[in-house]
Amino acid sequence: MRKLRTQRAIAVLASVLLVGGVAACGNSDTGGGGSKDDGKITMGFSQVGAESGWRTANTTSIKESAAAAGIELKFDDAQQKQENQIKAIRNYIQQKVDVIAFSPVVESGWDTVLKEAKDAGIPVILTDRSVDSADKSLYKTFLGSDFVKEGRLAGEWLVEQKKGATGPVNIVELQGNTGAAPANDRKKGFGEAIAANPNLKIIASQPGDFTRAGGKQVMEQFLKANPKIDVLFAHNDDMGLGALEAITAAGKVPGKDITIITVDAVKDGMQALADGKFNFIAECSPLLGPQLMDLAKKVKAGETVPPRIETEETTFTTEQAKEALPTRKY
């Protein structure tokens, strides 16, 4: 009888140990994002949309860089709607990805969903555009351009070009999406720079939504409402390219009758600059993919990263565009 009791006790103990072992093996969640700690990284990325050549190049850079880095990418196109981005981010939280990255459609209204990601232990990286949240702990870092600087460089070039002007210089401005960081900041930087010359006046400013169609439509309105336009400042190349069509249709010569300044330096814009139809471009590089994947690996590993990482960029005149075009990647 004693022998039988001993055998039963051993069997029970073995069962307990077996169940405990299975539970321990199954509990491989790291808590840093929820995915299994198998060394692989899953990134959820929400893109603004596909509104321009710049954005297309940006998306390509991110997808190619993720593949090269061995990172599984879950990609979503928000079609320029904030509600779509918030939905995508919540889906990524439910899927327990390791890292969330996104380029915000607008600056405001992100605190709630970013706090949800933080509470879930998923680090967030902002790319290209930032948010205006007062709580900087809601995201790990912001990787992107200095939009204020881009606007300022555009304005400083114009001030230099028009330093001998004795009469008014009438400027029209094609803004990006209302509320978007690039639109807000480029407008700010440009305005600050041209304040150095009181002859430079912005007589009309309206959103063209960063699209060629929007740029063309708004420029047509500008031309009808303002008989004398000396300068166009477009917040991106695509709006500037749309404006070219409107200017030409109005019987004016782009680059001569109207000085055109844009931001981005995508191939089509650079070609317009090389052809003398644009006069100056402040660069905004879309090739953020490699840096983003490097940051994803660092934040997943728990490394400290700088809260702000600025991309390296330059400016182009007509002659510089001619030199750069043959090797231009985007």
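Above this text you will find the structure in question.
Everything numeric here is computed off the predicted structure, so don't read it as measured data. (Residues numbered from 1 in each chain as written. Predicted model: local features only at pLDDT ≥ 70, side-chain atom pairs only at ≥ 80, totals over all residues. Heavy atoms only, no water.)

Caption draft 1: Quick look at the sheet that holds strand S2 (residues 72-77). Strand order in the open sheet formed by six strands is S2-S1-S3-S4-S5-S11, with parallel pairing between adjacent strands. Only two strands of the sheet have a single neighbouring strand rather than two, namely S2 and strand S11 (308-310). Averaged over all pairs of adjacent strands, the angle between strand axes in this sheet comes to 20°, irrespective of strand direction. Note that strand S1 (residues 42-47) and strand S3 (residues 99-102) share four bridges and pair parallel. Directly across from serine 46, in S3, lies its bridge partner phenylalanine 102. (Pairing = 2+ DSSP bridges. Helix = DSSP H or I, 4+ residues; strand = E, 2+ residues; numbered from the N terminus. Axes fitted to C-alpha atoms, helices over the stretch in contact; angles between N-to-C directions.)

Caption draft 2: Representation of the pattern of salt bridges. Taken as a whole, this structure holds 19 salt bridges when the rule is applied. Two residues, lysine 115 and aspartate 119, come together in a salt bridge whose shortest N-O distance is 3.1 Å. Highlighted residues: lysine 115 and aspartate 119, both in helix H4 (residues 111-119), separated by four residues, approximately one helical turn. Note that arginine 212 and aspartate 238 form a salt bridge whose closest N and O atoms lie 3.2 Å from each other. One end of the pair, arginine 212, is in helix H7 (residues 212-225); the other, aspartate 238, is in helix H8 (residues 237-249), and 26 residues separate them in sequence. Given a relative accessible area of 5%, aspartate 238 falls into the buried group. Through salt bridges that share partners, Glu51, Arg55, Asp128 and Arg129 make up one connected network. (Salt bridge = Lys/Arg side-chain N within 4 Å of Asp/Glu carboxyl O. Buried < 20%, exposed > 50% of the residue type's maximum accessible area, 1.4 Å probe, protein only.)

Caption draft 3: View of the side chain of threonine 59. With respect to the helices and strands, the residue threonine 59 is situated in helix H2 (residues 53-69). Excluding residues within four positions of it along the chain, threonine 59 makes contact with Gln47 and Phe75. (Contact = heavy atoms within 4.5 Å.)

Caption draft 4: Fine view of H8. With 13 residues, H8 should reach 18 Å at 1.5 Å per residue; the first-to-last C-alpha distance of 19 Å fits that figure. Burial runs high along H8: ten of the 13 residues are buried. Asp237, Asp238, Met239, Gly240, Leu241, Gly242, Ala243, Leu244, Ala246 and Ile247 are the residues of H8 that are buried. Phi turns positive one or two residues past the end of H8, at glycine 251, with a value near 85°. (Expected span 1.5 Å × (residues − 1).)

Structural measurements only, silent on function.
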